[in-house]
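Each chain, written out:
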Amino acid sequence: AVVSTQSTGEDAALFSLLDHYGTLSVVDWKNGRCYGTVFAGEDKTDMLGEVYKKYCWTNPLHPDCFKDVRKMEAEIVSMVGDMFHHPGQAAGSVTSGGTESILMSMKTHRDWARETKGIENPNIVAPITAHPAFDKAAAYFKIHIIHVPVDPITYAVNPANVARAVNSNTICIVGSAPQYPHGVMDDMVALNDIAVRKDVGFHVDACMGGFLIAFMEEAGYPLPLFDFRLSGVTAISVDMHKYGYTFKGSSAVLYRTMEMFFYQITSTSDWAGGIYASPTMAGSRPGGNIAVTWAAMMSFGRNGYVSATKEVIAGARYLIAGLEKIPGVEVMGNPQVSCVAWTSDTFNIYNMSSDLSAKGWNLHLLQFPAGIHIQLTKRNLMQDTLDKLLSDIRDSAALQMSRPNEEATGAAAMYGMAAKIPDRSIVDDIAKEFWRLYYSTINNNNNNSL
């Protein structure tokens with residue numbers, strides 16, 4: 001593809017082309033046939049679109065020009081800090097997503113530990129279920145990551161294993177609230193005790209469910225403490241573009257103290273172009289995303305988020321109860337928030353994935369051990385979508401139990417095979433190749449497919 005010499009002309013021609021591109025997508029995400037991915041319904045789309053239109057040309061890198069965007073970002077950080085019981089003035093920033101929030105926190109902990117403790121060979125201790133963004137941070141910032149196994153029954157990290165892994169070079173331990181694969185909450189109280197006793201940082205990753213767990217107590221689903229009420233928590237990451245119901249990408253990283261946030265900020269003071277300082281990975285950022293996030297939070301308000309949380313958690317509990325009644329199917333661990341995973345010790349669970357895909361479901365596969373996962377959103381709760389999902393799972397389980405030794409085929413077979421390859425670098429190379437090909441614009445069959 002090249003930039004056309006001529007304009008597309010009228011806007012109608014451009015939108016016609018966009019409509020054509022839209023036919024390339026085959027997953028029915030609008031009607032809840034997809035896991036996670038798109039979290040909000042349509043009720044706020046027009047309003048948020050108008051807000052984005054108003055601020056689409058703004059850039060918080062220039063707070064002198066866009067004082068309104070600066071104010072909105074500061075208020076977002078303050079509101080999220082209040083949600084997570086920050087003890088003082090909330091310190092942190094809005095980022096492009098959960099990965100950037102985690103990257104910023106790990107960079108901050110690294111620089112903080114180097115300056116205050118003299119640690120030159122830093123490591124972080126994280127459960128094997130922690131988000132891969134921690135591995136990315138380790139690769140980017142030359143931090144060693146120590147992976148700690150989780151309990152094979154509960155899928156929560158064993159705090160004793162975390163304590164044993166911490167050493168004199170540990171800058172931070174990690175807990176997930178909840179973790180992505182199985183929707184299980186790590187024991188934050190026990191991890192906090194370790195962080196305090198060992199005098200290390202403690203990052204709570206609430207990227208996935210932060211805008212649920214912060215309201216679950218008011219919604220009638222109390223949880224053990226997980227936030228700044230625990231004295232050892234030094235940072236929390238939370239995504240607004242999931243259950244905060246704003247546009248992608250919007251997340252926040254918050255620190256207990258303004259002094260720690262200081263280490264997130266980078267500055268170049270001897271550049272010919274002047275002094276250049278910025279708080280995040282990106283320099284220029286879309287002010288429209290900040291404005292839309294602020295608008296979503298103001299529009300929903302605390303009561304709106306509590307109501308949405310009740311709806312999502314009730315849906316997750318309904319799904320769990322339904323799964324527990326299906327012969328051959330076993331819920332993995334004790335999911336307490338919005339993610340639910342299931343497996344089987346009777347048949348190949350990847351075959352069920354193929355059955356469900358054939359019926360139009362786009363669900364996520366797990367490995368080590370094998371399972372299927374869904375992260376429930378408001379779209380999954382539309383009409384009788386959950387009942388349809390449970391019915392299709394029930395039908396698939398009955399079919400697979402009638403042929404328990406059936407070998408997986410298609411994509412399920414590929415996933416199962418990949419899980420058995422001992423040299424994980426081979427799997428990594430295949431995954432990287434996917435993304436290399438992602439950027440190809442070559443279409444050899446002219447059938448409007450990617």
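Structure first, text after, so check above.
Reading guide: rules and limits
- Residues numbered from 1 in each chain as written.
- Predicted model: local features only at pLDDT ≥ 70, side-chain atom pairs only at ≥ 80, totals over all residues.
- Heavy atoms only, no water.
- Helix = DSSP H or I, 4+ residues; strand = E, 2+ residues; numbered from the N terminus.
- Rg over C-alpha atoms; globule rule 2.2 N^0.38 Å.
- Buried < 20%, exposed > 50% of the residue type's maximum accessible area, 1.4 Å probe, protein only.
- Polar contact = N/O pair within 3.5 Å; in protein donor to acceptor, adjacent residues only side chain to side chain.
- Pairing = 2+ DSSP bridges.
- Axes fitted to C-alpha atoms, helices over the stretch in contact; angles between N-to-C directions.
- Contact = heavy atoms within 4.5 Å.
- Salt bridge = Lys/Arg side-chain N within 4 Å of Asp/Glu carboxyl O.
- 1 Å grid on protein atoms, 1.4 Å probe; cavity = no way out; pocket = protein on both sides within 12 Å on 5 of 7 lines; lining within 4 Å.
- Points joined across faces, edges and corners; volume = space filled by probe spheres on them.
- Nonpolar A, V, L, I, M, F, W, Y, C, P; charged D, E, K, R; others polar.
- Phe/Tyr/Trp six-rings, centres within 6.5 Å; stacked < 30°, edge-to-face > 60°.
- Lys NZ or Arg CZ within 6 Å of the ring centre and 35° of its normal.

Caption draft 1: Representation of the overall build of the protein chain within the structure. What the protein chain contains, in helices and strands, is 14 helices and 13 strands. A globule of 450 residues ought to have a C-alpha radius of gyration of about 22 Å, and the protein chain, at 23 Å, matches this closely. The principal-axis extents of the C-alpha atoms in the protein chain amount to approximately 70 × 65 × 45 Å. The buried share of the protein chain, taken over its 450 residues, is 49%.

Caption draft 2: Structural detail: helix H11 (residues 349-358). With respect to burial, H11 is a largely interior element, seven of its ten residues being buried. Looking at H11, one finds that the buried residues are Ile349, Tyr350, Asn351, Met352, Ser353, Asp355 and Leu356. Capping the start of H11 is the job of one residue whose side-chain oxygen sits 2.9 Å from the backbone nitrogen of tyrosine 350: asparagine 348. Just past H11, the residue glycine 360 takes up positive phi, approximately 95°.

Caption draft 3: Representation of the sheet that holds strand E5 (residues 201-206) in the model. Read from one edge of the open sheet, seven strands run E1-E7-E6-E5-E4-E2-E3, paired in mixed fashion. Lying at the two open borders of the sheet, with one neighbouring strand each, are strand E1 (91-95) and strand E3 (144-148). Pairwise comparison of adjacent strand axes, ignoring direction, gives a mean angle of 20° for this sheet. As defined by bridge partners, E1 adjoins strand E7 (residues 251-255) across five bridges and the pair is classed as antiparallel. Across the sheet, the residue bridging to threonine 95 is serine 251, located in E7. On the sheet, helix H4 (residues 98-117) packs against E1, strand E2 (123-127), strand E4 (170-176), E5, strand E6 (235-239) and E7 and is oriented at approximately 25° with respect to E7.

Caption draft 4: Spotlight on the pattern of salt bridges. As enumerated under the stated definition, the model contains 14 salt bridges in all. Across the pair lysine 71 and glutamate 75 runs a salt bridge whose closest N-O atoms are separated by 2.9 Å. Here lysine 71 and its partner glutamate 75 are both found in helix H3 (residues 67-83), four residues apart, which amounts to about one turn of the helix. With relative accessibility at 45%, the residue lysine 71 sits in the partly exposed group.

Caption draft 5: Representation of the layout of surface pockets. Empty space within the second largest pocket amounts to approximately 420 Å³. Taken together, 17 residues make up the lining of the second largest pocket; nearest its centre are Arg70, Glu73, Gly92, Pro279 and Arg285. Elements represented by at least two residues in the lining of the second largest pocket include exactly H3, E1 and helix H9 (258-261). Looking at the lining of the second largest pocket element by element, the count peaks at four residues for H3. Classifying every residue of the lining of the second largest pocket by side-chain character gives eleven nonpolar, three polar and three charged.

Caption draft 6: Here's a closer look at the side chain of arginine 379. The residue arginine 379 is located in the loop between strand E13 (371-375) and helix H12 (385-401) in this model. By relative accessible area, arginine 379 is classed as buried at 4%. Those residues in contact with arginine 379 that sit more than four places away from it in its chain are Trp29, Lys30, Asn31, Gly32, Val38, Phe39, Ala40, Gly41, Glu42 and Thr385.

Caption draft 7: Quick peek at the sheet that holds strand E11 (residues 339-343). Strand order in this open sheet of four strands is E10-E11-E13-E12, and the pairing throughout is antiparallel. On the outer flanks of this sheet lie strand E10 (330-331) and strand E12 (364-366), each paired with one strand and no other. Note that E12 and E13 share three bridges and pair antiparallel. Looking at the pairing, leucine 366 lines up with glycine 371 of E13. H11 rests against E11, E12 and E13 of the sheet, and its axis sits at about 45° to E13.

Caption draft 8: Broad picture of the pairing of E7. Of all five residues making up E7, five are buried, and the element is well covered by its neighbours. Across the two faces of E7 the burial is the same, with Ser251, Val253 and Tyr255 and Ala252 and Leu254 all buried. In this structure, E6 lies alongside E7, joined through five bridges in antiparallel fashion. Of the residues in E7, the one forming a bridge with valine 238 is alanine 252.

Caption draft 9: Representation of the packing of aromatic side chains. The final tally for this structure, using the stated rule, is 14 aromatic pairs. When the centroid spacing of 6.5 Å and the interplanar angle of 15° are considered together, the rings of tyrosine 245 and tyrosine 305 count as stacked. Taken together, the positions of tyrosine 245 in the loop between E6 and E7 and tyrosine 305 in helix H10 (residues 287-323) put the pair 60 residues apart, joining distant regions of the chain. Assessed through its relative accessible area of 3%, tyrosine 245 is described here as buried. Residue tyrosine 305 is classed as buried on the basis of its relative accessible area, which comes to 3%. With 6.0 Å between their ring centres and 85° between their planes, tryptophan 271 and tyrosine 276 make a pair best called edge-to-face. Assessed through its relative accessible area of 32%, tyrosine 276 is described here as partly exposed. Of the aromatic side chains, those joined through ring pairs into one cluster are Phe39, Phe211, Phe215, Tyr243, Tyr245, Phe300 and Tyr305. The residue whose ring lies beneath arginine 33 is tryptophan 361, and the NZ or CZ to ring-centre distance is 3.8 Å.

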